[in-house]
Amino acid sequence: MTGIAFVGTGFVADYYMTTLANHPQLRLAGVWDRDEARLAAFAGYWKVNRYASLDAALADPAVTIVVNLTTPESHYMVNRAALLAGKHVYCEKPLAMDVEQASELVDLARVRGMVLAGAPANALSEAHALCTSLLASGAIGTPRLVYAEMEDGPVFKANWREWRSRSGARWPGLHEFEVGCTLEHAGYAASWLVSLFGPVAEVSAISALTFPDKGPGTENLSLGPDFSVGCLSFRSGVTARVTCGLAAPRDRSLTIIGDKGTIVVRDLWDNRSPIHLEAFGAKRPLQHRILDWVEWKVGRKLPLRLYAGRKVRYPARVVASQLPAYPSKIDFVGGIAAQAEAIARGETPYFSGATARHLTEIVLALNSGRQGYRPLDL
């Protein structure tokens, strides 16, 4: 058993509680939040121990890994305090709000002999494993070009003020609009891309605040970008385009184009997302030709994207985990479990240290619209 503690009991913490049941080798020793009312509501709903202070959580000898679920602006401070207290850290994205602080944390973890790992955990999914096996088998030849979409739809037009987590936390819409959707969501695409194709050599991006009026309560806020598009050049030779926004129709797909065909992962927020494989030049069944014709005629007018190609089946041994019902089907605690297993074996988990910083660099560059940015070497 590995003892863990949650620091932060906001909206996302309920996703972690939902998926904690998938990993009985982890034991939640307790939780803490600076908002006493939120802490009481969360601890009461889930029937878990609550700490009196952050220091109390960090001093608990039963805690091996501190799980940082605070707002992005607090990530650096909590990560640093936990590492100095001799705790391993698993942090929600990003590690910090700038590259210098992220690098400082990576160095501190190395000096202290701690493992600093970062979310998201969607690249540890069954869908990712299946996609990896398809690429390794040469199903589409050498991958050349990738399109990654992280469009969440016009959230600010929805009734988001009424959204609640299972324990009653409000969805932090105002804060998310301030931080920007790229900083919050681009990591879901970046984690897949880096784990499939290796380090990024250069990022060129633009970002913009395209909808400055997001309704009552936002008039006097300094809002972050609600749209970004970036081109990632990988050292492996792959080129990827990544989009992230809060206005275009919802699309969280990944399309990989190789010498011999394409792979389409329909939803990066789904651990068992449908995956479609299509070889170039293959004899296409009538239904696929009909799909092509319909998309050519109506284009983006359709409420759903149509997918041609053979739907790839998951291995029979794959067992679906307990996952959140909406809006994402991600095993959030999967990343913590992978970290705990690596620590027990004396190994380094993939999404830790320099790799976690690399993902943070990519997302920060996309969010700020950096041109020609070259991340630090892994």
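Residues numbered from 1 in each chain as written. Predicted model: local features only at pLDDT ≥ 70, side-chain atom pairs only at ≥ 80, totals over all residues. Heavy atoms only, no water.

Enquirer: Looking at this model, I keep getting lost on the sheet that holds strand 6 (residues 143-151). Mind explaining?
Expert: Where strands meet in a sheet, backbone hydrogen bonds hold them as pairs that are either parallel or antiparallel. Spatial strand order, 7-8-9-6-10-11-12-13: eight strands in an open sheet with mixed pairing. Looking at which strands have only one partner, the edges of the open sheet turn out to be strand 7 (200-208) and strand 13 (310-311). Alignment of strand 7 against strand 8 (residues 227-234), held across eight bridges, turns out to be antiparallel. Bridge pairing links Ser204 to Cys231 in strand 8. (Pairing = 2+ DSSP bridges. Helix = DSSP H or I, 4+ residues; strand = E, 2+ residues; numbered from the N terminus.)

Enquirer: Which parts of the structure should I look at to understand the pattern of salt bridges?
Expert: For side chains of opposite charge, pairing can occur when their charged atoms come near one another. The full count for this structure, using the stated rule, is 13 salt bridges. Asp107 is the salt-bridge partner of Arg110, the closest N and O atoms lying 3.1 Å from each other. Taken together, the positions of Arg110 and Asp107, both in helix 5 (residues 99-112) and three residues apart, correspond to about one turn of that helix. Taking relative accessible area as the criterion, Arg110 reaches 57% and is therefore assigned exposed. Residue classification places Asp107 among the partly exposed residues on the basis of a relative accessible area of 33%. Among the ionic contacts, a cluster of salt bridges with common partners joins Asp152, Arg250, Arg252 and Asp267. (Salt bridge = Lys/Arg side-chain N within 4 Å of Asp/Glu carboxyl O. Buried < 20%, exposed > 50% of the residue type's maximum accessible area, 1.4 Å probe, protein only.)

Enquirer: Where do I start with the packing of aromatic side chains in this structure?
Expert: Scanning the entire structure with this criterion turns up 14 aromatic pairs. Summarising the aromatic geometry, the rings of Phe6 and Tyr16 are spaced 6.1 Å apart at their centres and angled 75° between planes, so their arrangement reads as edge-to-face. Taken together, the residues Phe6 in strand 1 (residues 2-7) and Tyr16 in helix 1 (residues 13-20) connect sequence positions 10 residues apart. What makes Tyr16 buried here is its relative accessible area of 0%. Judged by centre distance (6.0 Å) and plane angle (75°), the rings of Trp171 and Phe177 are edge-to-face. Each of the two residues, Trp171 as well as Phe177, counts as buried. What links up through ring pairs into an aromatic cluster is the set Phe6, Phe11, Tyr15, Tyr16 and Phe332. The ring centre of Phe156 lies 5.2 Å from the NZ or CZ of Lys214, which sits over that ring. Directly above the aromatic system of Phe177 lies the positively charged group of Lys214, at a separation of 5.9 Å from the ring centroid. (Phe/Tyr/Trp six-rings, centres within 6.5 Å; stacked < 30°, edge-to-face > 60°. Lys NZ or Arg CZ within 6 Å of the ring centre and 35° of its normal.)

Enquirer: Which parts of the structure should I look at to understand the packing of helix 4 (residues 72-84) against helix 5?
Expert: Between two packed helices, what matters for the description is the angle formed by their axes and the separation of those axes. Axis separation between helix 4 and helix 5 bottoms out at 10 Å; the angle between their running directions is 10°. In terms of their interaxial angle, helix 4 and helix 5 are classed as roughly parallel. Across the interface between the two elements, Tyr76, Asn79, Arg80, Leu83 and Leu84 of helix 4 pack against Gln101, Glu104, Leu105, Leu108, Ala109 and Arg112 of helix 5. (Axes fitted to C-alpha atoms, helices over the stretch in contact; angles between N-to-C directions. Parallel < 35°, antiparallel > 145°, perpendicular 65-115°, else oblique. Contact = heavy atoms within 4.5 Å.)

Enquirer: Is there a simple way to explain the sheet that holds strand 5 (residues 116-118) in this structure?
Expert: Overall, parallel pairing links the five strands, which are arranged 2-1-3-4-5 in an open sheet. Of all strands in the sheet, those bounded by a partner on one side alone are strand 2 (26-32) and strand 5. Ignoring strand direction, the axes of neighbouring strands in this sheet form an average angle of 25°. Bridge count between strand 3 (residues 65-68) and strand 4 (residues 88-91): four bridges; the pairing is parallel.

Enquirer: Could you clarify how one ought to interpret the environment of Arg272 in this entry?
Expert: Looking at the element boundaries, Arg272 is found in the loop between strand 11 (261-265) and strand 12 (275-279). A sequence separation of 44 residues divides Arg272 from Ala316, and the C-alpha atoms of the two residues are 13 Å apart. Not counting residues within four places of it along the chain, the set of residues in contact with Arg272 comprises Glu126, Ala127, Tyr314, Val318 and Ala320.

Enquirer: How should I be thinking about the environment of Thr348 in this particular structure?
Expert: Note that Thr348 resides in the loop between helix 10 (334-345) and helix 11 (353-368). Taking the C-alpha atoms as reference points, Thr348 and Ala365, separated by 17 residues in sequence, lie 26 Å from one another.

Enquirer: What is the right way to read the packing of helix 8 (residues 181-197) against helix 11 from this model?
Expert: Between helix 8 and helix 11, the shortest axis-to-axis distance is 9 Å and the interhelical angle comes to 130°. If you check the angle between helix 8 and helix 11, you find them oblique. The two elements helix 8 and helix 11 cross, and the hand of that crossing is right-handed. For the pair formed by helix 8 and helix 11, the contact residues are Thr182, Leu183, Ala186, Gly187, Ala190, Ser191 and Val194 on the first element and His358, Leu359, Ile362, Val363, Leu364, Leu366 and Asn367 on the second. Counted by class, the contact of helix 8 with helix 11 contains nine nonpolar, five polar and no charged residues. (Left-handed = near helix turned anticlockwise from the far one by under 90°. Nonpolar A, V, L, I, M, F, W, Y, C, P; charged D, E, K, R; others polar.)

The analysis is restricted to geometry; functional conclusions fall outside its scope.
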